[in-house]
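Listed below are the residues making up each chain.
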Amino acid sequence: MAARNVLITLCYDGSGYHGWQVQQNAVSVQQVFQEALYKILSERPSLKGCSRTDTGVHARQFCISMQLESAIPCQRLQGALNHFLPADMAVLDCREVPMNFHARYSCKGKEYAYEIWNHPVRSPFLRDRALHYWYPLDLEKLNRAAGYFLGSHDFTSFCTTDSRERGDMTRTITKSEWSREGNLVVYRVAADGFLYNMVRILVGTMLRVAQGKFQPEEMPEILEAKNRNRAGPTAPACGLWLDQVFYEGMDLSGSRL
């Protein structure tokens, strides 16, 4: 059987996982997915994930590509995976793609949502799924700040420095907006790519704007400084959701929750 390339669209509650990538002493999404796959195929194909989501981050749409020797039809593979995967994870779609498709390198952009429960009383139903923030939030002020991030900028000030190789820190943001539905406040941001902890630092900085510790008009200065110490804190992971993944010529809008 000739190899074929398969694209899996996965969604998961990340509160019980230490991110996507396999780790030595912690349970990851990739590890659990690989174990379910092995029960079906008796092999461990190399998995290409669209992103390295961090500990506690959730995904409504996470894409995985892998080359398989197995002839199992995509529909059967999807059903079998959903049988073996835990209740906090589900496969939404399974399809064959060209052999040169790569879930990470073929990606043209992503959209994240950061969700905040803005009420004096915590919601037990959103525990580990939204940040509980009980102080008032002025969306007009937040959106003024968010607007400064649109376009192409060097986001060094909004990136956690770690052992990863520093490359081009410029990213192009095409959506940066706050909205409210009742007590749920959501920041949505779409870009051609994101740096490590970038969305959480953007949110943490704009919450400082909401507190009056920064003014919206200071955002260009923070960007220009290219200094992590100039921006606000990193918001907790619990409110962050990978919402959509974009590929050229491919519509995945029907496979997300």
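These numbers come from a predicted model, not from an experiment.

Our next topic: unusual backbone geometry. Positive phi outside glycine occurs at aspartate 128, with the angle close to 70°. Position of aspartate 128 relative to the elements: it lies in the loop between strand 5 (107-117) and strand 6 (131-132). Unlike most non-glycine residues, lysine 226 shows phi in positive territory, near 50°. For lysine 226, the location among the structural elements is in the loop between helix 5 (219-225) and strand 10 (240-247). Exposure remark for lysine 226: the relative accessible area of 45% places this residue in the partly exposed category.

Attention now goes to the pattern of salt bridges. Evaluation of the coordinates by the stated rule reveals 12 salt bridges. Salt-bridge contacts for glutamate 217 lead to arginine 144; the nearest nitrogen and oxygen are separated by 2.9 Å. Of the two residues, glutamate 217 is situated in the loop between helix 4 (198-210) and helix 5 and arginine 144 in helix 3 (residues 139-147); the sequence distance between them amounts to 73 residues. Counted as one network, the salt bridges with shared partners bring together Arg60, Glu115, Arg188 and Asp243.

What follows covers the nonpolar core. Grouped together as the largest cluster of nonpolar side chains are 77 residues, with contacts concentrated most on Ile8, Leu10, Phe33, Phe149, Trp178 and Tyr187. When residues of this core are assigned to their parent elements, the largest contribution, eight residues, is made by helix 4. For tyrosine 187, the contacting residues outside a window of four places in its chain are Tyr112, Ala113, Tyr114, Ala146, Phe149, Ser176, Glu177, Trp178, Leu202, Val203 and Met206.

This brings us to the environment of threonine 53. Along the chain, threonine 53 falls in the loop between strand 2 (48-49) and strand 3 (58-68). Threonine 53 sits 35 residues away from histidine 18 along the chain, and the two C-alpha atoms are 8.6 Å apart. Within the structure, threonine 53 has its side chain in polar contact with the side chain of tyrosine 12 (distance 2.7 Å).

In terms of burial, strand 10 is a largely internal element, seven of the eight residues being buried. The pairing of strand 3 with strand 10 spans two bridges and is classified as parallel. For histidine 58, the partnering residue across the bridge sits in strand 10 and is tryptophan 241. Bridge count between strand 5 and strand 10: seven bridges; the pairing is antiparallel. Within strand 10, the residue paired with cysteine 107 across the bridge is tyrosine 247.

Conventions we followed
Residues numbered from 1 in each chain as written. Predicted model: local features only at pLDDT ≥ 70, side-chain atom pairs only at ≥ 80, totals over all residues. Heavy atoms only, no water. Helix = DSSP H or I, 4+ residues; strand = E, 2+ residues; numbered from the N terminus. Buried < 20%, exposed > 50% of the residue type's maximum accessible area, 1.4 Å probe, protein only. Salt bridge = Lys/Arg side-chain N within 4 Å of Asp/Glu carboxyl O. Core = buried A, V, L, I, M, F, W, Y, C linked by side-chain atoms within 4.5 Å. Contact = heavy atoms within 4.5 Å. Polar contact = N/O pair within 3.5 Å; in protein donor to acceptor, adjacent residues only side chain to side chain. Pairing = 2+ DSSP bridges.

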